[in-house]
Amino acid sequence: MSELVKRYTASVNFDKRLGLVDIEGSLAHAAMLAKQNIISVRDLADINRGMAQIKSEIENGEFNWQLDLEDVHLNIEARLTALVGAAGKRLHTGRSRNDQVATDIRLWLRAQIDDVVMALSQLRSGLLTVAEREADTILPGFTHLQVAQPITFGHHLLAYVNMFGRDVERFLDCRKRTNLLPLGAAALAGTTYPIDREFVAQQLGFEGVCENSLDAVSDRDFAIEFCAAASLLMMHVSRLSEELIIWMSPRVGFIDLADRFCTGSSIMPQKKNPDVPELARGKTGRVYGDLMSLLTLMKGQPLAYNKDNQEDKEPLFDAADTVLETVLIFTEMVQGIVVKPESMRAAALQGFSTATDLADYLVKKGLPFRDAHEAVAHAVKICTQKKCDLADLTLDELRAATDLAPEQQALIDPDVSHCLTLEGSVAARNHIGGTAPNQVRAAIERLKNALK
Ligand code: ARG
């Protein structure tokens, strides 16, 4: 093999990351071989002893990874043989690197899924803490990035708690299909030895075994599913990031982010930039890229194992690292959000955010909704000309501004003022899923209980 080919085909530089799960898989395989009298109890003891030493060498950064030995599997096997002799050479009985690597990735990914799920729970409870604190804080809700209706900040944050909740479900669902054992499939067709696959599955905490040997060695669906779930998660993070960036812009000024999540500029002394959310928004693209890499990698591969599959690791590692770090940093960052309620309130008071409430008021007094809509649109037009808000009009001015027939104008009573206030507007949306502060608190209670 030429030096160039050796470098081109070797994977040890990145798959050494699977070292510890590779040992875990080998120990379970060896235990099964001994139980089935395929290797001796003595061999098993040698293997266990050698692997214990290799494990500590890897953990202490003392293991000598060699490019000449191609990948993590051959590196560990060679070291084992150097340490314990013949037993090391027997370890690979009834096994191939094809089912071995598939097992390693599943073991590794399962642990990653558990970490991501745990981190997402912490992010969700962090968001809940802020949502609870800000259950009464009013800001404008937007559609088309135009002021729409007043909402509470707690309610806004709960939207993300819900999104991240669906992400948790997706990761847990992907975990089910990840948590199956490929070992026993050997190279592709199974093996002639009297193996016990269920035993190995049990040893490794797998839910069951992969049913078909060809599928077992070539399936990477679980990795793609993980990257798909990771992509959706990052899409949510990116939307939140975009909002944080907009809210922190001095033009909007709804929030401030703790200094430790921001950076300055090397030229503009006044700057405080929201680097963390910007980077998260950027890293979203990279996780989508990882998903596309894996989908494209698998497309068109004939059964069963092909060396193409070696290319599955870097995108998968990258996606897992990126989402985990992103979720961890967001957990800290969201709890450091400094809310500026006066700016939020001032913004909600502009843009006629309670216009819908006035229309609803007229409907409750008997007007058809379309007529009410038109009357309020007229009143808004008058206010725009006068450069004032609906709530600034006297009762008579408001009645006239609707341009309704006099008997319909008379339907507008002094109690209308309540529905024109921000507090009245949010409090009136008092049903499950609505923005009323007491509904927000009830939703927080439900979410907290579900998170327990
Ligand atoms: N390093 C390889 C991979 O990551 C291990 C499997 C190699 N199998 C083979 N038949 N060459 O996929």
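Residues numbered from 1 in each chain as written. Predicted model: local features only at pLDDT ≥ 70, side-chain atom pairs only at ≥ 80, totals over all residues.

Trainee: So what's going on with the overall build of the protein? Which residues, and what values?
Mentor: Each helix and strand in the protein was counted, giving 21 helices and six strands. For 452 residues, the compact-globule estimate of 2.2 N^0.38 gives 22 Å, and the C-alpha radius of gyration of the protein, at 31 Å, exceeds that figure by more than 25%. For the protein, the spread of C-alpha atoms along the three principal axes comes to 100 × 50 × 40 Å. Looking at the protein residue by residue over its 452 residues, the buried ones come to 40%. (Helix = DSSP H or I, 4+ residues; strand = E, 2+ residues; numbered from the N terminus. Rg over C-alpha atoms; globule rule 2.2 N^0.38 Å. Buried ≥ 20, exposed ≤ 12 C-beta atoms within 10 Å, placed from the backbone.)

Trainee: So what's going on with the UniProt feature "domain: Argininosuccinate lyase C-terminal" (unreviewed entry) in the protein? Residues and values would help.
Mentor: If you check UniProt for "domain: Argininosuccinate lyase C-terminal" (unreviewed entry), the listed places come out as residues 352-427 in our numbering. Structurally, residues 352-427 is divided into 66% helix and 0% strand, and its ends, taken at the C-alpha atoms, are 17 Å apart. (UniProt positions renumbered as here; feature names shortened; annotations may be inferred.)

Trainee: How would you explain the site of the ligand if you had to name every residue and give the values?
Mentor: The local shell around the ligand consists of Ser 11, Asp 15, Asp 71, Arg 97, Asn 98, Val 101, Tyr 305, Lys 307, Asn 309 and Gln 310. It is helix H7 (residues 97-133) that contributes the most residues to the shell around the ligand, three residues altogether. In terms of residue class, the shell around the ligand is made up of two nonpolar, four polar and four charged. Each of domain 1 (3-93) and domain 2 (98-134 + 145-191 + 211-345) gives at least three residues to the shell around the ligand. (Near = placed C-beta within 6 Å. Nonpolar A, V, L, I, M, F, W, Y, C, P; charged D, E, K, R; others polar. Domains from an automatic or database assignment.)

Trainee: Report on the pairing of strand S2 (residues 146-152), specifying residues and quantitative values.
Mentor: Pairing geometry for strand S1 (residues 138-143) and S2, over six bridges, is antiparallel. Across the sheet, residue Pro 140 finds its bridge partner in S2, namely Pro 150. Joining the antiparallel neighbours S1 and S2 is a turn of two residues, in which His 144 adopts a positive phi near 55 degrees. (Pairing = 2+ DSSP bridges.)

Trainee: Go over the nonpolar core, please, and point to the residues and values.
Mentor: Counting 96 residues, the largest nonpolar core has Ala 131, Ala 223, Phe 226, Cys 227, Ala 230 and Val 323 as its most contacted members. When residues in this core are grouped by element, the largest group, 14 residues, is from helix H11 (residues 221-248). Sequence-distant contacts of Phe 226, defined by excluding residues within four places in its chain, comprise Leu 109, Ile 113, Cys 174, Leu 316 and Ala 319. Listed in part, the 19 residues of the second largest apolar core include Leu 358, Ala 359, Val 376 and Leu 398. (Core = buried A, V, L, I, M, F, W, Y, C linked by C-beta atoms within 7 Å. Contact = placed C-beta atoms within 7 Å.)

Trainee: Describe the domain arrangement of the protein, naming the residues involved and giving the relevant values.
Mentor: Taken domain by domain, the protein holds domain 1 (3-93), domain 2 (98-134 + 145-191 + 211-345) and domain 3 (348-451). Each of domain 1 and domain 3 was reduced to a C-alpha centroid, and the two centroids are 71 Å apart.

Trainee: Would you mind going over the UniProt feature "domain: Fumarate lyase N-terminal" (unreviewed entry) in the protein in detail, with residue names and values included?
Mentor: What UniProt calls "domain: Fumarate lyase N-terminal" (unreviewed entry) maps, in this numbering, to residues 3-289. The span residues 3-289 is 64% helical and 7% strand by assignment, and the distance between its end C-alpha atoms comes to 30 Å.

Trainee: Any chance you could break down helix H5 (residues 72-84) for me, citing the residues and the numbers?
Mentor: One turn of the α-helix equals 3.6 residues, which is why residues spaced by three or four share an orientation. Taking 1.5 Å of rise per residue, 13 residues should cover 18 Å, and H5 covers 18 Å from first to last C-alpha, within 8% of that figure. Every buried residue of H5 is listed here: Val 72, His 73, Asn 75, Ile 76, Glu 77, Arg 79, Leu 80 and Val 84. Directly beyond the C-terminal end of H5, a positive phi value near 75 degrees is found at Gly 85. (Expected span 1.5 Å × (residues − 1).)

Trainee: Describe in detail the packing of helix H3 (residues 19-35) against H7, supporting the description with residues and values.
Mentor: Contact geometry of H3 with H7 gives a least axis separation of 9 Å together with a crossing angle of 120 degrees. Crossing geometry of H3 relative to H7 is assigned as right-handed. When H3 is examined against H7, the residues Val 21, Asp 22, Glu 24 and Gly 25 are found in contact with a partner set consisting of Gln 100, Thr 103, Asp 104, Leu 107 and Trp 108. Here the contact of H3 with H7 is composed, by residue class, of three nonpolar, three polar and three charged. (Axes fitted to C-alpha atoms, helices over the stretch in contact; angles between N-to-C directions. Left-handed = near helix turned anticlockwise from the far one by under 90°.)

Trainee: Talk me through the confidence of the model for the protein; I want residue IDs and the actual numbers.
Mentor: With 100% of its residues at a pLDDT of at least 70, the protein reaches an overall mean of 97. Here the complex is predicted with pTM 0.95, and the ipTM for its interfaces comes to 0.97. (pLDDT = per-residue confidence, 0-100.)

Trainee: Please provide a residue-by-residue account of the environment of Arg 166, values included.
Mentor: As for its position among the elements, Arg 166 is in helix H8 (residues 153-178). Judged by the 13 C-beta atoms lying within 10 Å of it, Arg 166 is partly exposed. On a C-alpha basis, the gap between Arg 166 and Leu 233 in space is 8.8 Å, while along the polypeptide they are 67 residues apart.

Trainee: How would you summarise the packing of helix H4 (residues 41-59) against H5 if you had to cite specific residues and measurements?
Mentor: Viewed as axis vectors pointing N to C, H4 and H5 meet at an angle of 115 degrees, and their least axial separation amounts to 9 Å. Seen from above, H4 lies across H5 with right-handed handedness. Facing H4, whose interface residues are Asp 46, Ile 47, Arg 49, Gly 50, Met 51, Gln 53 and Ile 54, H5 presents Ile 76, Arg 79, Leu 80, Leu 83 and Val 84. In terms of residue class, the contact of H4 with H5 is built from seven nonpolar, two polar and three charged.

Trainee: Which residues make up the environment of Lys 307, and what values do they have?
Mentor: Examined against the element boundaries, Lys 307 turns out to sit in the loop between helix H12 (275-298) and helix H13 (313-335). A residue is classified by how many C-beta atoms lie within 10 Å of it, and Lys 307, with 8 of them, is exposed. Note: C-alpha distance between Lys 307 and Ile 267 (40 residues apart in sequence) is 49 Å.

Trainee: For unusual backbone geometry, give the residues involved together with the corresponding values.
Mentor: Of the consecutive residues Leu 303 and Ala 304, the connecting peptide bond is found in the cis state with omega at 0 degrees. Its location among the elements puts Ala 304 in the loop between H12 and H13. Here Leu 145, not a glycine, exhibits a phi torsion of approximately 60 degrees, which is positive. Relative to the helices and strands, Leu 145 resides in the loop between S1 and S2.

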